[in-house]
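Spelled out from the first residue to the last, the chains are:
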Amino acid sequence: MISRNPNLIQLSSSYLFPEINRRKQEFLLTHPQASLISLGIGDTTEPIPESIVEGLILASVQLGTRKGYTGYGPEQGMAELRKKIASTIYFNSVQPEEVFVSDGAKCDIGRLQMLFGSQVSIAVQDPAYPVYIEGSLIQGVKKIVFMPCRPENQFFPDLSHLQHTDLIYFCSPNNPTGAAATKKQLEQLVAFAKANRSIIIYDSAYATYIQDPQIPKSIYQIEGAKEVAIEISSFSKMAGFTGVRLGWTVIPEELRYEDGSAVRADWNRITTTLFNGASTISQWGGCAILEEKGMQEIAQLASYYLENAQLLRETFQRLGYEVYGGENAPYLWVRFKGQKSWDLFQHFLENYHIVTTPGSGFGQEGEGFLRFTAFGLRQNIHTILNRLS
Ligand code: PL4
């Protein structure tokens, strides 16, 4: 008999989000009449805007014609889309060849770890999206350093006490805290990575939610970042593409290993070997997002969800809770001092019929917090406000 992959033994028996679903189903078994509203898993609820749907339809129709049919596309993504991402998202500060289109940020977070192997050490924000740590554990990574991000340090790690690691995972706007790092903070992070010869894996999946013009939407807005950072991003929360699946990763040509060779070349090798490209239909949808009309539509989407966040924020504040986030991110991070996150989760489920995400699911520093997503129908948000008040 084959023995179990020892790396998998490091994982807890269930991933956070299926566990939330399990508890929700368990509750519904005993309370079938309960009208549950979910502010748990961060999943979009508004329909995909019109011009973007048109892009998806057109791509599908083309596939049904002799002239328009295409089979496999380039593994790195369609040239049109790579070009549009480079110009519309990065204002040509990155080259199309440095952009690799993916089937979503989560998938690339997993695949990227193949670049560095199991011997690397990593630093992660605590709390953090669980995939950074669990994906690393699956890969066999042994050394993980936690960077506490609390209200007391404005959710930015104390770099002066941070030990050296090969990789630094950093997410801004942050899931789950909703904190968006300032330019000054990101300059410190880039300087730290340079001084320590570390690589930053920067997750900007929620960048479209940044409203404050002073806050960078990309790590490449920081001088010198191309020498030390990979950026992972996504169309999921930008355009309601959580089910369509489309994202991208930027690996700048300047990013080098210790021996001077290009990380980009290895990523190209891994991508062409293990990935067959994102669906062409979703890629044409991505092109439609990055048109002028599409960009206007997605800005409206972000405003809608941020108005939800504002309504929830005001209610929690009125009720006397400490609330963070929700201004440049679709998440609210609410502190319930002295209480356990999973107890709070049960409390909200049983008493208010609201599904949340327990802060401790994102790390030790999340204990005593609940995360509320701002994704949801406005009428459901109003129902929640009534239930809470
Ligand atoms: C539930 C910081 C959500 N089953 O859709 P993707 O793959 O392009 O993006 C995933 C992603 C990447 N980076 C960050 C994220 O927060 C997410 C999505 N996170 C959440 O509620 O925390 C959805 C989670 C999904 C999952 O596990 O990813």
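The structure under discussion appears in the preceding block.
Residues numbered from 1 in each chain as written. Predicted model: local features only at pLDDT ≥ 70, side-chain atom pairs only at ≥ 80, totals over all residues. Heavy atoms only, no water.

Draft legend 1. Examining the overall build of the chain more closely. When helices and strands are tallied, the chain shows 13 helices and 13 strands. The C-alpha atoms of the chain give a radius of gyration of 21 Å, which matches the 21 Å a tight globule of 389 residues would have. C-alpha atoms of the chain, sized along the principal axes, occupy 55 × 55 × 55 Å. Here the chain holds 389 residues, and the buried ones make up 54% of them. Sequence separation of at least 24 residues holds for 72% of the intrachain contacts in the chain that already meet a minimum separation of 6. Carbon and sulfur atoms provide 51% of the accessible area of the chain, an area that totals close to 17,600 Å². The average position of the 34 basic charges and that of the 39 acidic charges among the side chains of the chain differ by 3 Å. (Helix = DSSP H or I, 4+ residues; strand = E, 2+ residues; numbered from the N terminus. Rg over C-alpha atoms; globule rule 2.2 N^0.38 Å. Buried < 20%, exposed > 50% of the residue type's maximum accessible area, 1.4 Å probe, protein only. Contact = heavy atoms within 4.5 Å. Areas by Shrake-Rupley, 256 points an atom, 1.4 Å probe, with all protein chains shown as cover. Lys, Arg positive; Asp, Glu negative; His and termini not counted. Charge placed at Lys NZ, Arg CZ, Asp CG, Glu CD.)

Draft legend 2. Fine view of the site of the ligand. Lining the immediate environment of the ligand, one finds 20 residues, of which Tyr129, Asn175, Tyr206, Ser234 and Ser236 sit closest. Take tyrosine 129: an N or O atom from its side chain is 2.3 Å from an oxygen atom of the ligand. Contact with the protein chains removes 88% of the 610 Å² of surface that the ligand exposes when unbound. At the level of elements, α5 (105-112) and α8 (236-239) are the ones that each hand at least two residues to the shell around the ligand. The residue makeup of the shell around the ligand includes at least three contributed by each of domain 1 (6-48 + 294-388) and domain 2 (50-290). (Near = heavy atom within 4 Å. Polar contact = N/O pair within 3.5 Å; in protein donor to acceptor, adjacent residues only side chain to side chain. Domains from an automatic or database assignment.)

Draft legend 3. Spotlight on the sheet that holds strand β9 (residues 322-325). Reading across the sheet, the four strands line up as β9-β10-β13-β12 and stay open at both edges, with antiparallel pairing between neighbours. Unpaired on one side and paired on the other, β9 and β12 (357-358) mark the two borders of the sheet. Where strand β10 (residues 331-335) lies against strand β13 (residues 369-373), five bridges are found, and the strand directions are antiparallel. Within the sheet, the bridge partner assigned to tyrosine 331 lies in β13 and is threonine 373. Sheet contacts for helix α11 (residues 292-318): β9, β10 and β13; angle to β9, the most-contacted strand, approximately 160°. (Pairing = 2+ DSSP bridges. Axes fitted to C-alpha atoms, helices over the stretch in contact; angles between N-to-C directions.)

Draft legend 4. Quick peek at the pattern of salt bridges. Counted under the stated rule, the structure contains 21 salt bridges. The shortest N-O distance in the salt bridge between glutamate 367 and lysine 340 comes to 3.9 Å. Taken together, the residues glutamate 367 in the loop between β12 and β13 and lysine 340 in the loop between β10 and α12 (341-352) connect sequence positions 27 residues apart. Overall, glutamate 367 belongs to the partly exposed group, its relative accessible area being 32%. Connected through shared salt-bridge partners, Glu19, Arg22, Arg23 and Glu26 make up one network. (Salt bridge = Lys/Arg side-chain N within 4 Å of Asp/Glu carboxyl O.)

Draft legend 5. Geometry of empty space enclosed by the protein. Going through the model one piece at a time under the given rule, you end up with one cavity of 30 Å³ or more. In this structure, the largest cavity occupies an estimated 50 Å³ of space. What lines the largest cavity is Phe100, Val101, Ser102, Asp108, Arg111, Trp267, Thr271 and Phe275. Going through the elements one at a time, β2 (99-102), α5 and α9 (263-274) are the ones with two or more residues in the lining of the largest cavity. The leading source of residues in the lining of the largest cavity is β2, at three residues. In terms of residue class, the lining of the largest cavity is made up of four nonpolar, two polar and two charged. (1 Å grid on protein atoms, 1.4 Å probe; cavity = no way out; pocket = protein on both sides within 12 Å on 5 of 7 lines; lining within 4 Å. Points joined across faces, edges and corners; volume = space filled by probe spheres on them. Nonpolar A, V, L, I, M, F, W, Y, C, P; charged D, E, K, R; others polar.)

Draft legend 6. The packing of aromatic side chains, seen in detail. A full pass over the atoms with the stated rule returns 24 aromatic pairs. Measuring from ring centre to ring centre gives 5.1 Å for tyrosine 132 and tyrosine 169, while their planes differ by 25°; the resulting arrangement is stacked. Of the two residues, tyrosine 132 is situated in helix α6 (residues 131-139) and tyrosine 169 in strand β5 (residues 167-171); the sequence distance between them amounts to 37 residues. Residues tyrosine 304 and tyrosine 305 carry aromatic rings whose centres are separated by 5.7 Å and whose planes lie at 80° to one another, so their mutual orientation is edge-to-face. Exposure class is identical for tyrosine 304 and tyrosine 305. Each is buried. (Phe/Tyr/Trp six-rings, centres within 6.5 Å; stacked < 30°, edge-to-face > 60°.)

Draft legend 7. Fine view of helix α13 (residues 378-388). Where α13 is concerned, the buried positions are Ile381, Ile384, Leu385 and Leu388. All buried residues of α13 fall inside an arc of 100° around its axis, so they share one side. Opposite the packed face of α13, turned more than 90 degrees from it, sit the exposed residues Gln379 and Asn386. Against the buried residues of α13 lie β1 (37-38), α11, α12 and β11 (354-355). (Arc of directions from axis to C-beta.)

Draft legend 8. Region of interest: the packing of helix α4 (residues 79-89) against helix α10 (residues 280-289). Remark: α4 packs on α10, axes separated minimally by 9 Å, with the N-to-C direction vectors making an angle of 35°. The chirality of how α4 crosses α10 is left-handed. Side by side, α4 and α10 meet where Glu80, Leu81 and Lys84 of the first sit next to Gln283, Trp284, Gly286 and Cys287 of the second. Its residues assigned to classes, the contact of α4 with α10 shows three nonpolar, two polar and two charged. (Left-handed = near helix turned anticlockwise from the far one by under 90°.)

Draft legend 9. Geometry of the sheet that holds strand β8 (residues 247-250). Sheet architecture is open: seven strands sit in the order β2-β8-β7-β6-β5-β3-β4, paired in mixed fashion. With one partner strand each, in any of the chains shown, β2 and β4 (143-148) form the two edges of the open sheet. Each strand of the sheet is rotated relative to its neighbour by a mean of 20°, with strand direction disregarded. As defined by bridge partners, strand β3 (residues 121-126) adjoins β4 across six bridges and the pair is classed as parallel. Residue aspartate 126 lies in a different strand from β4, and its bridge partner there is proline 148. Against the sheet, α6 engages β3, β4, β5 and β6 (199-203), with an angle of about 155° to β3.

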